[in-house]
Amino acid sequence: MPKVIAITGGIGAGKSVVSNILRFEGFEVYDCDAEAKRLMDESVEIHQMLCSDIHPHAVVDGCIDRKLVSSIVFTDVEKLTKLNEMVHSSVRSDISRWIADRAGVTALFIETAILYQSRLYSMVDMVVEVIAPKELRIQRVMQRNNMTRDEVEKRIESQNVAIDEKKKIKTINIINDGFTPILPQIKQFLAESEV
């Protein structure tokens, strides 16, 4: 079985930068955001739940209105929880299949902003946490996603959860503050982890 390593960190921290470097180094990375979107688009069950529990017009002509859904769930904890439970369950199943299909590989990476909330921590051997100052993260996401400061801060708040499981998994920090070079940190991590 491969060693399974999570790449996590809050929105705007730079998980994708680290993931892209790892891909360049020849590793496979499962992108939870991209795969969750794919699974949501394909799932009739998720479409039905979105229309019944989030908003009647959450899905129009088979397409999810992500802007509408986001505007609702990131201001309603109960609806966000319901959506997350369904999507996270689908993602965990998909990851299990993905790992099983790669049994001969030495290491696999899973990129996720919500490692603990999604309970994906139970599927990984260690964690790489990408860290950046909050203000820098806000600026990055505002520019990248054309979001307001308030929208970004709500996303950050929805990801902030204190969970005891964090203490139980070996974690390596990668600093992405715009000054500290990332590549040497990744090379050091790979060498020390023997992957």
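Reading the values: the criteria
Residues numbered from 1 in each chain as written. Predicted model: local features only at pLDDT ≥ 70, side-chain atom pairs only at ≥ 80, totals over all residues. Heavy atoms only, no water. pLDDT = per-residue confidence, 0-100. Helix = DSSP H or I, 4+ residues; strand = E, 2+ residues; numbered from the N terminus. Axes fitted to C-alpha atoms, helices over the stretch in contact; angles between N-to-C directions. Parallel < 35°, antiparallel > 145°, perpendicular 65-115°, else oblique. Contact = heavy atoms within 4.5 Å. Nonpolar A, V, L, I, M, F, W, Y, C, P; charged D, E, K, R; others polar. Buried < 20%, exposed > 50% of the residue type's maximum accessible area, 1.4 Å probe, protein only. Pairing = 2+ DSSP bridges.

### Regarding the confidence of the model for the protein
Part 1 of the argument: Confidence along the protein averages 90 in pLDDT terms, with 96% of residues attaining 70 or more.
Part 2 of the argument: Looking at the elements of the protein, mean pLDDT is at its lowest for helix α7 (residues 149-159), recorded as 81, and at its highest for strand β2 (residues 28-31), recorded as 98.

### Quick look at the packing of helix α2 (residues 32-42) against helix α3 (residues 44-54)
Part 1 of the argument: Put simply, α2 and α3 touch, their axes get as near as 5 Å, and they point 85° apart. With respect to α3, the element α2 is oriented roughly perpendicular. Between α2, through Leu39, Met40, Asp41 and Glu42, and α3, the contact on the second element is made entirely by Val44, Ile46, His47 and Leu50.
Part 2 of the argument: When grouped by side-chain class, the residues that make up the contact of α2 with α3 number 5 nonpolar, 1 polar and 2 charged.

### With respect to the pairing of strand β1 (residues 3-8)
Part 1 of the argument: Along β1, 5 of the 6 residues are buried, which leaves the element largely enclosed by surrounding structure.
Part 2 of the argument: Here β1 pairs with strand β5 (residues 107-111) via 5 bridges, running parallel. Bridge pairing in β5 links Ile7 to Glu111.

### So, the environment of Thr106
Part 1 of the argument: With respect to the element layout, Thr106 can be found in the loop between α5 (77-100) and β5.
Part 2 of the argument: Residues Thr106 and Ser89, spaced 17 residues apart in sequence, show a C-alpha to C-alpha distance of 25 Å.
Part 3 of the argument: Aside from chain neighbours lying at most four places away, what touches Thr106 is Pro2 and Lys3.

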